[in-house]
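Examining the three-dimensional arrangement
Now for the letters of each chain:
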Amino acid sequence: MSNTQNFETSDSGGANQVAEFEQNNSLVARIQHALHETPSLVPMVVLFASIAIFGMLLGGKFFSPFALTLILQQVAIVGIVGAAQSLVILTAGIDLSVGAIMVLSSVIMGQFTFRYGMPVELAVLCGLAIGSGVGFINGWLIAYIKLPPFIVTLGMWQIALATNFLYSANETIRAQDIAKNAPLLHFFGEKIKIGGAIFTFGVIFMVVLVLFLAYVLRQTAWGRHVYAVGDDPEAAELSGVNVKRTLISVYMLAGLICAFAGWAMIGRIGSVSPTSGQLANIESITAVVIGGISLFGGRGSIVGSLFGALIVGVFTLGLRLLGADAQWTFLLIGALIIAAVAVDQWIRKVSV
Amino acid sequence: MEPILKGRNLVKRYGKVTALDHCDFDLMPGEILAVIGDNGAGKSTLIKAVSGAVKPDEGEVFLEGKKVNFHSPIDARNEGIETVYQTLAMSPALSIADNMFMGREIRKPGFRGKILRQLDRATMEKMARDKLTELGLMTIQNINQAVETLSGGQRQGVAVARAAAFGSKVIILDEPTAALGVKESRKVLELIQGLKSRGIPIILISHNMPHVFELADRIHVHRLGKRLCVIDPKDYTMSDAVAFMTGAKEAPEAA
């Protein structure tokens, strides 16, 4: 110590509050901080603002229980698939196979019932199991073989979709047959009417699913691990998180949720069709991004993705009722996507 | 006196490179042992070998005289050896409390914890706050603040607090001041001295000779994959230490 030069004494005159917090109280900084804490605020504001604007433009035609619950029915499938996509994107991954898993599962549920005469309950369980199984393969390839999620799920998209066409022989199961012989497949299409409002079981399932996942992500260790893995996998591993197991469980759960979406889709469109749900990939990613979940992982809330899906639904129905060309919907959604990612980049700049 | 953490004859090869060449290592109870060595001397491999991040090809590690076989840092952690990595190993978007308990969360008692798997946030936040207060870091007001909103020194402080909260036997600090400015370094050095006064032995890996000479009770000089010598900072100058580790000067025999 005696031979240590005292070069630091020259610092002693300076201010000494290194480890203290300077609270930046300017309005912009506070907004940025609030968004950092609650990233779903932006989509929530956009959602309510767009409902208000379309309500003012269209009046009772839009602002009715019927129209508003119609939006819910229209976004139910995307909302459910978006929940699966959110989980995956929170781990800094992406799942391009969600739509294919959904269609494959719905075809399995239908064909197992009608081709093999299986009890419909068992066929549904098989569909759910196969959805989870495909998700497991995705997760295993990503966690253990260390392949990029984009590539794995791009391949799985093609594999699952081709399997779906080969297995179903491109054959649609008609709605009347399902209604007569296997009404359980239409379960998520059942309706509850409250006044003019119509809630399908699919809509209720979507809301309950999102609330359940929000609880799990926020209140359980597994949920915290999902965020940690998406944020920085090496740091998570060193902190004692089983990164591989977390990744596999996320992709499996995503597969299971997509299989539920496949079941809900039978209820929505009535028939089992191997060509349905082709846009689910892009629509789910759109909902997630507009919902303020960062594509870089570890940030955002699953409730945001529900808001994102609803925003798309509000724009679609609102613009249609206004008699606008459907391309205006795509144009506005495109602008929203870019704006949402710009906001995400800005929020992430709070780090000093 | 029996070393609390002891390595004997440790060998680790990476292909043709021998990172550890029959290396010994001793950490005495209650001391701060600095490990210095030039880049590539194998000091980080040595630390990884005693903390479970690397499995040595040969040799043995003893904790409190008992032979241990760590397969991962988590094994070492369960035995009370905590490492503060140079990268800090924290999730920037998560809160201070989340980070401190990452991988060892506390669940609520009873039904809500066992069946609903609900985390006991209140308890974890209280423990995190208590630990930070104890270490004099409670200028951090909001325990739910994301780690990325903290300054470099504060992050280091949180990482050290996490180690101190759980590290019952040994704390390893890898380059704790490398990324920090002068003032922040000073804070962290005080923090390390605070830890020492609690009697927890510390391994300090650093390139910063003034910091090493200020803190260390003994200095382990690492060169070419083995322990060249252990010197007392009171008997040697910083230039001596640098000369030993670069090979410019013959090491003293009494290692």
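The coordinates are above.
Definitions and limits used
Residues numbered from 1 in each chain as written. Chains lettered and ligands numbered in written order. Predicted model: local features only at pLDDT ≥ 70, side-chain atom pairs only at ≥ 80, totals over all residues. Heavy atoms only, no water. Helix = DSSP H or I, 4+ residues; strand = E, 2+ residues; numbered from the N terminus. Buried < 20%, exposed > 50% of the residue type's maximum accessible area, 1.4 Å probe, protein only. Lys, Arg positive; Asp, Glu negative; His and termini not counted. Salt bridge = Lys/Arg side-chain N within 4 Å of Asp/Glu carboxyl O. Contact = heavy atoms within 4.5 Å. Phe/Tyr/Trp six-rings, centres within 6.5 Å; stacked < 30°, edge-to-face > 60°. Lys NZ or Arg CZ within 6 Å of the ring centre and 35° of its normal. Pairing = 2+ DSSP bridges. Axes fitted to C-alpha atoms, helices over the stretch in contact; angles between N-to-C directions. Parallel < 35°, antiparallel > 145°, perpendicular 65-115°, else oblique. Left-handed = near helix turned anticlockwise from the far one by under 90°. Nonpolar A, V, L, I, M, F, W, Y, C, P; charged D, E, K, R; others polar. 1 Å grid on protein atoms, 1.4 Å probe; cavity = no way out; pocket = protein on both sides within 12 Å on 5 of 7 lines; lining within 4 Å. Points joined across faces, edges and corners; volume = space filled by probe spheres on them. Core = buried A, V, L, I, M, F, W, Y, C linked by side-chain atoms within 4.5 Å. Polar contact = N/O pair within 3.5 Å; in protein donor to acceptor, adjacent residues only side chain to side chain. Expected span 1.5 Å × (residues − 1). Arc of directions from axis to C-beta.

**Details of the side chain of K43 of chain B**
Residues and elements named next belong to chain B.
- Structurally, K43 is set in helix α1 (residues 43-51).
- Here K43 occupies a buried position and makes no salt bridge, while the nearest side chain of opposite charge, E175, is found at 5.2 Å.
- Setting aside residues no more than four positions away along its own chain, K43 makes contact with V35, I36, G37, D38, I205, H207 and H222.

**Remarks on the packing of aromatic side chains**
- In this structure the tally under the stated criterion is 14 aromatic pairs over all chains.
- Linked through ring pairs, F187, F188, F201, F205, F260 and W263 of chain A together constitute an aromatic cluster.
- The ring of F62 of chain B carries the charged tip of K6 of chain B above its face, separated from the ring centre by 4.9 Å.
- Taking the ring centre of F166 of chain B as reference, the NZ or CZ of R104 of chain B above it sits at 3.8 Å.

**Looking at the pattern of salt bridges**
- Using the criterion set out here, one finds 21 salt bridges over all chains in the structure.
- A salt bridge links E2 of chain B to K6 of chain B, with the nearest nitrogen and oxygen atoms 3.7 Å apart.
- Assessed through its relative accessible area of 43%, E2 of chain B is described here as partly exposed.
- Judged by relative accessible area, which is 17%, K6 of chain B ranks as buried.
- Connected via shared salt-bridge partners are R224 of chain A together with D98 and R121 of chain B.

**Observations concerning the pairing of strand β7 (residues 170-174) of chain B**
Residues and elements named next belong to chain B.
- Summarising burial for β7: five of the five residues are buried, a large majority.
- Of the two faces of β7, both are covered, the one formed by V170, I172 and D174 as well as the one formed by I171 and L173.
- Pairing of strand β6 (residues 81-84) with β7, which is carried by four bridges, proceeds in the parallel orientation. Across the sheet, residue E82 finds its bridge partner in β7, namely I171.
- In this structure, β7 lies alongside strand β8 (residues 202-205), joined through four bridges in parallel fashion. Looking at the pairing, I171 lines up with I202 of β8.

**Focus on the packing of helix α2 (residues 41-58) of chain A against helix α13 (residues 302-321) of chain A**
Residue and element names in this part refer to chain A.
- Running from N to C, α2 and α13 point in directions that differ by 15 degrees, and their axes come no closer than 9 Å. The orientation of α2 with respect to α13, classified from their angle, is roughly parallel. Relative to α13, α2 is oriented so that their crossing is left-handed. Contacts between α2 and α13 involve P43, M44, V46, L47, S50, I51, F54 and L58 from the first element and G304, F307, L310, I311, V314, F315, G318, L319 and L321 from the second.
- Considering only residue class, the contact of α2 with α13 consists of 14 nonpolar, three polar and no charged.

**Some points on the layout of surface pockets**
All names here are of chain A.
- Within this model, the largest pocket holds a volume of roughly 830 Å³.
- Lining the largest pocket are 30 residues, and of these V78, L279, E283, V312 and T316 sit closest to its centre.
- Elements that contribute at least two residues to the lining of the largest pocket include exactly α3 (65-90), α11 (243-269), α12 (280-290), α13 and α14 (326-347).
- For the lining of the largest pocket, the class distribution of residues is 18 nonpolar, eight polar and four charged.

**Looking at the nonpolar core**
- Judged by nonpolar contacts, the single largest core of 95 residues is most densely connected at F62, I80 and L185 of chain A.
- Setting aside its immediate chain neighbours within four residues, F62 of chain A contacts I51, F54, G55, A67, L68, I71, V314, L317, G318 and L321 of chain A.
- One finds A163, I192, I202 and L204 of chain B within the second-largest nonpolar core, a separate group that totals 36 residues.

**A word on the sheet that holds strand β1 (residues 5-14) of chain B**
All names here are of chain B.
- If you walk across this open sheet you meet the four strands as β2-β1-β4-β5, and the pairing is antiparallel. Of all strands in the sheet, those with a lone pairing partner are β2 (17-27) and β5 (66-68), marking the two edges. The sheet shows a mean angle of 30 degrees between the axes of neighbouring strands, taken without regard to direction.
- Where β1 meets β2, seven bridges bridge the pair, whose relative direction is antiparallel. Of the residues in β2, the one forming a bridge with R13 is T18.
- This element, α1, spans β1, β2 and β4 (58-63) of the sheet and lies at about 60 degrees to β2.

**Observations regarding the environment of N69 of chain B**
Residue and element names in this part refer to chain B.
- Examined against the element boundaries, N69 turns out to sit in the loop between β5 and α2 (73-78).
- The spatial distance from the C-alpha of N69 to the C-alpha of K48 is 13 Å, given a sequence separation of 21 residues.
- Among the polar contacts listed, one links the side chain of N69 to the side chain of K55, at a separation of 3.4 Å.

**A short note on the sheet that holds strand β9 (residues 218-223) of chain B**
Residue and element names in this part refer to chain B.
- Ordered in space as β6-β7-β8-β3-β9-β10, the six strands form an open sheet in which the pairing is mixed. Edge positions in the open sheet fall to β6 and β10 (226-231), since each of these has one partner strand only. Adjacent strand axes in the sheet meet at a mean angle of 20 degrees when their direction is disregarded.
- Bridge count between strand β3 (residues 32-37) and β8: four bridges; the pairing is parallel. Its bridge partner being in β8, L33 is matched across the sheet by I203.
- Against the sheet, helix α6 (residues 152-166) engages β6 and β7, with an angle of about 175 degrees to β6.
- Of the strands in this sheet, β3, β7 and β8 are in contact with helix α7 (residues 182-197), which crosses β8 at around 155 degrees.

**Notes on the environment of L161 of chain A**
Residue and element names in this part refer to chain A.
- Following the sequence through the fold, L161 ends up in helix α6 (residues 149-168).
- Judged by its relative accessible area of 14%, L161 falls in the buried class.
- Taking the C-alpha atoms as reference, L161 lies 40 Å from L58; in sequence the two are 103 residues apart.
- Excluding residues that lie within four positions of it along the chain, L161 makes contacts with A100, M156 and Q278.

**Details of the environment of V75 of chain A**
Residue and element names in this part refer to chain A.
- Looking at where V75 falls in the secondary structure, it is placed in helix α3.
- Residue V75 is classed as buried on the basis of its relative accessible area, which comes to 5%.
- A sequence separation of 42 residues divides V75 from G117, and the C-alpha atoms of the two residues are 32 Å apart.
- What V75 contacts, discounting residues up to four positions off in sequence, is M206, A309, L310 and G313.

**A look at helix α5 (residues 121-134) of chain B**
- Between its first and last C-alpha, α5 of chain B extends 20 Å over 14 residues, near the 20 Å set by a 1.5 Å rise per residue.
- For α5 of chain B, the full list of buried residues reads R121, M124, E125, A128, K131 and L132 of chain B. One side of α5 of chain B carries all its buried residues, which in axial view fall inside an arc of 130 degrees.
- As for α5 of chain B, its buried residues are in contact with α8 (201-219) and α9 (221-231) of chain A together with α3 (96-100) and α6 of chain B.

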